[in-house]
Amino acid sequence: MSDTQPPRPYVDPTMVDGTGIVRPTEAPQAWQQASKQPRRRARPAPRPVAATEGNYIARHWRGELSLARSYWLNNMLLATPLALLLTGLMSWISVKGDSLQISAIVTLLGVPLLMGLDVWCIVGAWRAAGNYLRDEGAALWGWLARVTLALGALQFGASVLFGFMPNVGNYWQMARGIDPIGQATLSLSADGRSLRVAGTIGMGDGERVRKLLASAEASQLKRVELESPGGRVREAERMAEALQQHRHASRAVGTCASACTLVFMAGQPRQLTPGARLGFHRASTGTFNPVFEELANQNLAASYRKLGLPESLIDKTLATPARSMWFPKERDLQGLVAPLPQTLDIELPLAGSSSLADFQDALRTHPVWDALERRQGGTIETAAQRMWAARSAGLADAEVQAAALSPLAQQMPQLIAGADAGLRRRYVQLVTDQLKALRTPAERNGRPGCRDLLDGRLAARPTLPMPLQVRESQWLLDAAQSPPPRWLPRPPNAIETEVLARSMGASALGALAQLWRDTPATAATPNASCEPVIALLDRVQSQPPARRELAERLLFHGAH
């Protein structure tokens, strides 16, 4: 038997009184209960902040400033307004072109400084947001700050890469007072009646036009002729203001696009020569900032609205991308552009106060007479002299208009002989319709008007129906603008003459040779009929193509 005693239970001495009896266990105190709870993870102490107060820039760069100060003060209230200011300045240069030299200098100095400031602000605020998140700040605000910083950096980077960097050379030239897009060419006509503006509208052109219009050289100016692809909007607006101030007409003589249309809209009346066109599109700032893009186009719309462009055309302009061009059709410009003359008649100067220069100017504004002058110089001079003489003699307006037909008659044989087969066929058909329209005499047993045409009496032409006068005017314009023939027309040979005589009759050769002979009224053949000639022309149209082309050419043989 073992004397080993079982171990006694441990009794806490503090729980035994003097008699050796264990006191009942009392409820633990509150502080004892709290000490038995599992301890929460202690929040890390804030990182030590440098005590230096004067190193604000370095503290922001390292992210030691609070997120609120780094983001709102340094980034949103300092860098963002400066970025918007310079972006807006680049937009202003691109769209308006006002104060180009000063704006370019500010841009060249400001953008590099802003790039450094932007990097400092974004990096410091980004680091402050990271420290804020590590300090168990609200995740929403920390990540929201980083997202907005990233988006701002992308927008500014796009403006620098695609708006500033490609144009550094242009800004440098503008800072030196040179516009890289060039300047328009201004040329005053010899008579001082028209000013031609050609080429790109650049820096200083608005002031040049203003001074020229106010000078003694332009005292007789009537219109401004435009042919320009566009240019600086602000310069175009200044040109438009000068044009409105002097109340001159505007005339597009080629393509007038973009900013050029602002100058065109300032004229009264407005004209488009044949082949001329207007081009519209929205403005582009080149900054990839939608806010500035919208502001620039609202400003452009306001300028067009002030100049009288219809709202429907403004909407179409703003809907056309800056890299495209919208050329309105003739129907879109009704009421906006003065219609061109449809016949050979011109707007006659006022009787009593007109001069030779007034008639010359009126003829130059007519598209057909202008084309005839380009084809053969001196046509307008001769026509103007004859019309002025008729006006000075006190003749009626119709007789003054008819006086211009004599110089045209001298040019018609060359126009007909130099026309290609298609143009000549059109003219033969036109003559056929003219003869048929005047086949009935105005008086019983009188002389038919068609005979006057065949005999070359120019006074009979104003009596033609208006649609036929319009067709003749259009044919003259097309013939005058067609390229001259490479070879002079050769006279018909014996075989061609024989073919024409056998197929059309001996009278076919030279049947229309007298059309523009300018025969005096006393030399006209009395009571002669034109029915045989009309029948001949109808037979020509039914001939095979080769024989018909031969007949249409030889009908005018002998014209001079």
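Above this text you will find the structure in question.
Residues numbered from 1 in each chain as written. Predicted model: local features only at pLDDT ≥ 70, side-chain atom pairs only at ≥ 80, totals over all residues. Heavy atoms only, no water.

## Points about the overall build of the protein chain
Next up, step 1: Along the backbone of the protein chain there are 22 helices and six strands.
Next up, step 2: A separation of at least 24 residues holds for 69% of the contacts in the protein chain among residues at least 6 apart in sequence.
Next up, step 3: Total accessible area on the protein chain is roughly 30600 Å²; 57% of this is exposed by carbon and sulfur atoms. (Helix = DSSP H or I, 4+ residues; strand = E, 2+ residues; numbered from the N terminus. Contact = heavy atoms within 4.5 Å. Areas by Shrake-Rupley, 256 points an atom, 1.4 Å probe, with all protein chains shown as cover.)

## Things to note about the side chain of R461
Next up, step 1: As for its position among the elements, R461 is in the loop between α18 (449-454) and α19 (466-481).
Next up, step 2: Given the relative accessible area of 4%, R461 is considered buried. (Buried < 20%, exposed > 50% of the residue type's maximum accessible area, 1.4 Å probe, protein only.)

## Notes on unusual backbone geometry
Next up, step 1: Cis geometry marks the peptide bond from Q268 to P269, where omega comes out at -5 degrees.
Next up, step 2: Along the polypeptide, P269 turns up in the loop between α9 (260-265) and β5 (270-272).
Next up, step 3: Notably, R247 is not glycine yet its phi reads approximately 60 degrees, a positive angle.
Next up, step 4: Phi at S258 is positive, roughly 55 degrees, even though this residue is not glycine.
Next up, step 5: Within the fold, S258 resides in the loop between β4 (249-257) and α9.

## Looking at the packing of aromatic side chains
Next up, step 1: One pass over the structure, following the stated rule, counts four aromatic pairs.
Next up, step 2: With centroids separated by 4.5 Å and ring planes inclined at 35 degrees, the aromatic side chains of Y427 and W475 adopt a geometry described as tilted. Of this pair, Y427 sits in helix α17 (residues 421-437) while W475 sits in helix α19, placing them 48 residues apart in sequence.
Next up, step 3: The exposure class assigned to Y427 is buried, which follows from its relative accessible area of 1%.
Next up, step 4: Residue classification places W475 among the buried residues on the basis of a relative accessible area of 2%.
Next up, step 5: Connected via pairs of aromatic rings, a cluster forms that spans F280, Y304 and W326. (Phe/Tyr/Trp six-rings, centres within 6.5 Å; stacked < 30°, edge-to-face > 60°.)

That is the geometry; function is a separate question.
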